[in-house]
Amino acid sequence: MRIDFYHLTVKPLEQVLPSICEKLLAGGERLLVLAGERQAESIDRQLWTYAPESFLPHGRAGGPRESEQPILVGSEPAAANGARNIALADGEWRDAALAFERVFYFFDGATIDGARAAWKALKDRDGAERHYWKQDENGRWFEGP
């Protein structure tokens, strides 16, 4: 399983998440996005309006036809849409994410201690392939040490 740690230092999650969603959908993948209720509402709006000419098809966990949604936004790590990818959007690590093939773990300065603890805890975890991504001054991603 691949775990991508995304350190948000320049661009906020609302600007980063849509591009990851686009790439996954282009590859025929599904995604479960985990966030608290207030943040889930913000993500829901952002996925509809992130670009004037486009939107990302998605739904809320517990909502109508959740199993059909390519992107499902919820607060529990249960992928009713059959997603093999999970995005931890609230900066909180959950070991339940390890049941997915790929984890996108987003964190910022306020949640960096939890990210460090997760990074260390996963170091010797069998089958866990960790990657750390950081932003340059323009918000572009590059893989760090």
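Scroll up for the structure.
The rules behind each value
- Residues numbered from 1 in each chain as written.
- Predicted model: local features only at pLDDT ≥ 70, side-chain atom pairs only at ≥ 80, totals over all residues.
- Heavy atoms only, no water.
- Helix = DSSP H or I, 4+ residues; strand = E, 2+ residues; numbered from the N terminus.
- Buried < 20%, exposed > 50% of the residue type's maximum accessible area, 1.4 Å probe, protein only.
- Pairing = 2+ DSSP bridges.
- Contact = heavy atoms within 4.5 Å.
- Axes fitted to C-alpha atoms, helices over the stretch in contact; angles between N-to-C directions.
- Polar contact = N/O pair within 3.5 Å; in protein donor to acceptor, adjacent residues only side chain to side chain.

1. Regarding the overall build of the chain
Step number 1: Of the regular secondary structure elements, the chain holds three helices and eight strands.
Step number 2: Reading the chain from its N end, one meets helices and strands in the order β-α-β-α-β-β-β-β-α-β-β.
Step number 3: Considering only C-alpha atoms, the chain reaches an extent of 40 × 35 × 30 Å along its principal axes.
Step number 4: Burial status across the chain gives 43% buried among its 145 residues.

2. A few points about the sheet that holds strand β8 (residues 141-143)
Step number 1: Strands sit in the order β3-β4-β2-β5-β6-β1-β7-β8 across an open sheet of eight strands; the sheet is mixed. Either end of the sheet is taken by a strand with one partner, and the two such strands are β3 (59-60) and β8.
Step number 2: Relative to strand β4 (residues 71-74), strand β2 (residues 31-34) is paired through four bridges, and the arrangement is parallel. Of the residues in β4, the one forming a bridge with Leu34 is Gly74.
Step number 3: Across the face of the sheet, helix α1 (residues 13-26) comes into contact with β1 (2-7), β2, β4, β5 (85-88), β6 (102-107), β7 (129-135) and β8 while running at roughly 170 degrees to β6.

3. Describing the side chain of Asn85
Step number 1: Among the secondary structure elements, Asn85 is positioned in strand β5.
Step number 2: A distance of 3.1 Å separates polar atoms of two side chains, one belonging to Asn85 and the other to Glu29.

4. Focus: the pairing of β7
Step number 1: In the sheet, β1 pairs with β7 via six bridges, with the strands oriented parallel. Bridged to Tyr6 within β7 is Trp133.
Step number 2: Direction of pairing for β7 relative to β8: antiparallel, over a ladder of three bridges. Bridge pairing in β8 places Lys134 opposite Phe142.
Step number 3: The turn linking β7 back onto β8 is made up of five residues, and Gly139 within it adopts a positive phi angle of 90 degrees.

5. Regarding the pairing of β4
Step number 1: Here β4 shows two buried faces, one formed by Ile71 and Val73 and the other by Leu72 and Gly74.
Step number 2: Where β3 lies against β4, two bridges are found, and the strand directions are parallel. Across the sheet, the residue bridging to Gly59 is Leu72, located in β4.

None of the figures reported here should be taken as evidence of function without further support.
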